[in-house]
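# Chain and residue survey
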Amino acid sequence: MSKHRVSRRQFLTYTLTGVGGFMAAGMLMPMVRFAVDPVLTVEAGGDFIATPLKISDITSEPQRVDFTFEQKDAWYTSDVSNTAWVYKDEQDNIVALSPVCKHLGCTVGWGTGDNPEEFFCPCHFGRYTKDGTNVKGTPPLAPLDVYPFQEKDGLLYLGKAEPKKKEA
Amino acid sequence: MKWVSKDIETYLTAKEYVDTAVIPLYSVSFGNEMRESASGAEFITLLTSYLERQFTGRLLLLPPFTYLKSDYPENIVQQLKKWEENIEKNEFKHIFYITSESDWKIYEKELKGSLIWLPSLPLEHLNDQQKISMIESQVKQLLSLFTQKWNENE
């Protein structure tokens, strides 16, 4: 028998402290995780996808860029290729527009309609000016979505298309 | 629009804009023809899904009409006619059938919709990029066909 005898009272105190500690930890851990989570995800965010287009090749004429990424639809993953219309505006800023018509989602083309300086949707004859603004009197009710972009190693990286911000 | 709940939801609110139905026609056969049957179906799937992306707002891509190749042709055509009847009842002005099966050419006259027959291209040895550009060039030809058809009735 060991010299240090544990009394019944002591034994119970130890056990209760131990179990209580576990329970407290079990409750606190998820809370801490939730509190910290937003900080952790911001790091991983900003999914920019590489396009084959070089920044130096961008001209004032909108050109089509295709880029591919993996999309997960339930358990079905597939490579989806997306398209953007990229050009430089008068102030030399890069503009990347989504080709998805804001009316019902057809793909718009540059200069394919009667007007060579406009985006045109063949489905219901929607029109957009070069900066993506919808032409009044045609079906679309909003300007084309804009891709946020980044430059990396001279290549253009595009993010997720978002609705155009109203100019102040 | 595709045959998925989200798209159908949009379709129901924008019915007047969607006047075209597209039905891929697939044949299924076993044995020696299994390979061609699968590659034809693959080709048509890719093609129609790309087509759907271009014209999302004006066409509804229906689930493929699938039939056994060994079945009697009369039965198959009869079956498809039933589809046609139902689709027409639902306010679709234009119906397009897309197939890689040349046999359909014989029955084209019996159908009210337009039949588009495209010989299947062998895609199995291509990488994704090549596949896309190949399908793209095929669809480009279809696009003008569709716009033409739409303009006819306006």
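Here's what I pulled together on the structure shown here. Source: prediction; values computed, not measured.

### Digging into the sheet that holds strand E1 (residues 49–54) of chain A
Residues and elements named next belong to chain A. Reading across from one edge, E1-E9-E8 is the order of the three strands in this open sheet, with antiparallel pairing throughout. Every other strand in the sheet has two partners, leaving E1 and strand E8 (149–152) as the edge strands with one partner each. Across the sheet, the axes of successive neighbouring strands diverge by a mean angle of 35°, strand direction being ignored. Bridge count between E1 and strand E9 (residues 155–158): three bridges; the pairing is antiparallel. Paired with alanine 50 across the strands is tyrosine 157, a residue of E9.

### A closer look at the packing of aromatic side chains
Overall, the coordinates contain 13 aromatic pairs over all chains when judged by the stated rule. Between the aromatic rings of Phe65(B) and Trp104(B), the centroid separation amounts to 6.5 Å while the plane-to-plane angle is 70°, which identifies the pairing as edge-to-face. Taken together, the positions of Phe65(B) in strand E3 (residues 65–68) and Trp104(B) in helix H4 (residues 104–107) put the pair 39 residues apart, joining distant regions of the chain. An aromatic cluster of three or more residues is present, and its members are Phe55(B), Phe96(B), Phe146(B) and Trp150(B). We note Lys152(A) situated over the ring of Tyr157(A); from NZ or CZ to the ring centre the distance is 4.7 Å. Over the aromatic face of Trp150(B) sits the side chain of Arg58(B), whose NZ or CZ is 4.1 Å from the ring centroid.

### A closer look at the pairing of E9(A)
Residues and elements named next belong to chain A. Here four bridges tie E8 to E9, and the two strands are oriented antiparallel to one another. Bridged to glutamate 151 within E9 is leucine 156. In this structure, the hairpin formed by E8 and E9 is closed by a connection of two residues, where aspartate 153 is found at a positive phi of approximately 50°.

### With respect to the pattern of salt bridges
Using the criterion set out here, one finds twelve salt bridges over all chains in the structure. Residue Lys69(B) is joined to Glu101(B) by a salt bridge in which the shortest nitrogen-to-oxygen separation is 2.9 Å. In this pair, Lys69(B) sits in the loop between E3 and helix H3 (73–89) while Glu101(B) sits in the loop between strand E4 (94–99) and H4, placing the two residues 32 residues apart along the sequence. For Glu101(B), a relative accessible area of 15% corresponds to the buried category. Residue Glu88(B) pairs with Lys112(B) through a salt bridge whose shortest N-O separation is 3.4 Å. Within this pair, whereas Glu88(B) is found in helix H3, its partner Lys112(B) is found in the loop between H4 and strand E5 (114–117), the two being separated by 24 residues in sequence. We classify Glu88(B) as partly exposed; its relative accessible area is 34%. Residue class for Lys112(B) comes out exposed when judged on its relative accessible area of 63%. Three or more residues joined by partner-sharing salt bridges are found here, namely Arg64(A), Asp66(A) and Glu136(B).

Parameters and conventions
Residues numbered from 1 in each chain as written. Chains lettered and ligands numbered in written order. Predicted model: local features only at pLDDT ≥ 70, side-chain atom pairs only at ≥ 80, totals over all residues. Heavy atoms only, no water. Pairing = 2+ DSSP bridges. Helix = DSSP H or I, 4+ residues; strand = E, 2+ residues; numbered from the N terminus. Axes fitted to C-alpha atoms, helices over the stretch in contact; angles between N-to-C directions. Phe/Tyr/Trp six-rings, centres within 6.5 Å; stacked < 30°, edge-to-face > 60°. Lys NZ or Arg CZ within 6 Å of the ring centre and 35° of its normal. Salt bridge = Lys/Arg side-chain N within 4 Å of Asp/Glu carboxyl O. Buried < 20%, exposed > 50% of the residue type's maximum accessible area, 1.4 Å probe, protein only.

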